[in-house]
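Given next are the chains, with one letter for each unit.
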Amino acid sequence: MSGLSILGAGLGGFFLMSLVGMQALIALFSSVPLAKRRHRTDDRFDLNKAMHRILRTTLFSTIVVAVTTALVLCYASFPTILNYLFGMILGFLLSIRHMSPNNAQNQSIFTRSFQNCYPQEDLDATRDLNDVVHAVREQLSRQSEL
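Reading the values: the criteria
Residues numbered from 1 in each chain as written. Predicted model: local features only at pLDDT ≥ 70, side-chain atom pairs only at ≥ 80, totals over all residues. Heavy atoms only, no water. Axes fitted to C-alpha atoms, helices over the stretch in contact; angles between N-to-C directions. Helix = DSSP H or I, 4+ residues; strand = E, 2+ residues; numbered from the N terminus. Parallel < 35°, antiparallel > 145°, perpendicular 65-115°, else oblique. Left-handed = near helix turned anticlockwise from the far one by under 90°. Contact = heavy atoms within 4.5 Å. Nonpolar A, V, L, I, M, F, W, Y, C, P; charged D, E, K, R; others polar. Phe/Tyr/Trp six-rings, centres within 6.5 Å; stacked < 30°, edge-to-face > 60°. Buried < 20%, exposed > 50% of the residue type's maximum accessible area, 1.4 Å probe, protein only. Patch = residues over 30% accessible without salt bridge, like charges linked within 9 Å, V, L, I, M, F, W, Y side chains within 5 Å. Areas by Shrake-Rupley, 256 points an atom, 1.4 Å probe, with all protein chains shown as cover. Salt bridge = Lys/Arg side-chain N within 4 Å of Asp/Glu carboxyl O. 1 Å grid on protein atoms, 1.4 Å probe; cavity = no way out; pocket = protein on both sides within 12 Å on 5 of 7 lines; lining within 4 Å. Points joined across faces, edges and corners; volume = space filled by probe spheres on them.

Asker: Tell me about the packing of helix H1 (residues 3-41) against helix H4 (residues 104-113), residues and numbers included.
Answerer: Packing of H1 against H4 leaves a shortest axis separation of 11 Å and a crossing angle of 65 degrees. Relative to H4, H1 is oriented roughly perpendicular. Here H1 and H4 pass one another in a crossing that is right-handed. For the pair H1 and H4, the contacting residues are Ile26, Ser30, Ser31, Leu34, Ala35, Arg37 and Arg38 in the first and Asn106, Gln107, Phe110 and Thr111 in the second. When grouped by side-chain class, the residues that make up the contact of H1 with H4 number four nonpolar, five polar and two charged.

Asker: Would you mind going over the packing of aromatic side chains in detail, with residue names and values included?
Answerer: Applying the stated criterion across every chain yields a total of four aromatic pairs. Here the aromatic rings of Phe14 and Phe15 are separated by 5.3 Å at their centres, their planes lie at 75 degrees, and the arrangement is edge-to-face. For Phe15, a relative accessible area of 45% gives the class partly exposed. With centroids separated by 6.1 Å and ring planes inclined at 40 degrees, the aromatic side chains of Phe45 and Phe110 adopt a geometry described as tilted.

Asker: Any chance you could break down the packing of H1 against helix H3 (residues 78-95) for me, citing the residues and the numbers?
Answerer: One way to put it is that H1 packs onto H3 with a least axis distance of 7 Å and a crossing angle of 40 degrees. As the angle between them shows, H1 and H3 are arranged oblique. Relative to H3, H1 is oriented so that their crossing is right-handed.

Asker: Please give an account of the side chain of Ser31 that cites residues and values.
Answerer: Checked against the element boundaries, Ser31 lands in helix H1. On the basis of relative accessible area, Ser31 is assigned to the buried category, the value being 14%. Apart from the residues within four sequence positions on either side, Ser31 is in contact with Ile26, Ile54 and Phe110.

Asker: Can you explain a nonpolar patch on the surface? Please cite residues and give values.
Answerer: On the surface, a cluster of nonpolar side chains totalling about 650 Å² of accessible area is made up of Leu55, Leu59, Ile63, Val67, Leu71 and Tyr75. Its place among the elements puts Ile63 in helix H2 (residues 47-75).

Asker: Provide a residue-level description of the layout of surface pockets, including the pertinent values.
Answerer: Approximately 400 Å³ is the volume attributed to the largest pocket. At nine residues, H1 tops the list of elements feeding residues into the lining of the largest pocket. Tallied by class, the residues present in the lining of the largest pocket amount to nine nonpolar, ten polar and one charged.

Written out as structure tokens, the structure reads:
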């Protein structure tokens, strides 16, 4: 086995865990508590819809990581497997801080991603408000140009 394939396995494990595996962990350890908290503070928030999306994300990510790992374990040499697992562990350790529901970035992403878990009239009111804000900004920019 060449050193290049061993290095590639390590990078593959790192990127797989960082980009795909962490999505499942973030969904479980961040999005679930945020959804429950949001439902407690605003009962219009559709908790079932949010939980279905979280479950779908978790299952998809887990299946991708499990199938990829199974293929590596079945068909790769021992040094390649070790480097792949080391890459996965490193990807996990470098991304672990993103799993907190108190992370401001996670809260912001959660708010954008789960907007459709509110009733449609709330979304329409938000869009109307955004349209008004955009129109006011345009008017102010036109006045400043004069």
